[in-house]
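Examining the three-dimensional arrangement
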Amino acid sequence: QVQLVESGGGLVQAGGSLRLSCAASGDTRCISAMGWHRQAPGKERELVSSIVSGTNTYYADSVKGRATISRDNAENTMYLQMNDLKPEDTAVYYCNADDLGLCNKAGMSYWGKGILVTVSS
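Below, the structure is looked at part by part. (Residues numbered from 1 in each chain as written. Predicted model: local features only at pLDDT ≥ 70, side-chain atom pairs only at ≥ 80, totals over all residues. Heavy atoms only, no water.)

**Focus: the pattern of salt bridges**
Throughout the structure, instances matching the rule amount to 4 salt bridges. Taking the shortest distance from any N to any O, the salt bridge between Arg38 and Asp89 comes out at 2.9 Å. Here Asp89 lies in the loop between β8 (77-82) and β9 (91-99) and Arg38 lies in strand β4 (residues 33-39), a separation of 51 residues in the sequence. In this pair, the class of Arg38 matches that of Asp89, namely buried. Among the charged side chains, a network of salt bridges with common partners joins Arg38, Glu46, Arg66 and Asp89. (Salt bridge = Lys/Arg side-chain N within 4 Å of Asp/Glu carboxyl O. Helix = DSSP H or I, 4+ residues; strand = E, 2+ residues; numbered from the N terminus. Buried < 20%, exposed > 50% of the residue type's maximum accessible area, 1.4 Å probe, protein only.)

Set out below in structure tokens:
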């Protein structure tokens, strides 16, 4: 089992920056991929960014050029640095970690409880 706890959210003005953190605990050795998803009011949850094997990264078009994902394996923590924030970035951000078969052959996905980011115009 893996537990994920997000931090770093809050209220920020448009154009500002923040860094989200996701601390992982438990069977962290089982994690192959991690990512950030977000869900805005009235919208479906969407993938914002992901990092696989610590090096391969993905960014949604909506945040490309403004976000940087990273993972500190020693600290079992993943980060999402977001710059030039826009009101449309307002959402609950969820941390996700995937066991792609390292421990659970059928795979397993873990989620944090989410953290609110509000960008004021």
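**What about the environment of Leu102?**
One can find Leu102 in the loop between β9 and β10 (108-111). The spacing of Leu102 and Ile31 is 71 residues in sequence and 7.5 Å in space, taken between C-alpha atoms.

**Some remarks on the pairing of β9**
Residues in a regular strand project their side chains so that they alternate between the two faces of the sheet. For β9, the tally of buried residues reaches 8 of 9 residues, placing the bulk of the element in the interior. Both β4 and β9 contribute to a ladder of 7 bridges, which runs antiparallel. In the strand pairing of β9, Met34 is matched with Ala97. Here β9 runs beside β10; their pairing, made up of 4 bridges, is antiparallel. Residue Asn96 lies in a different strand from β10, and its bridge partner there is Trp111. (Pairing = 2+ DSSP bridges.)

All we've got here are geometric facts, nothing functional implied.
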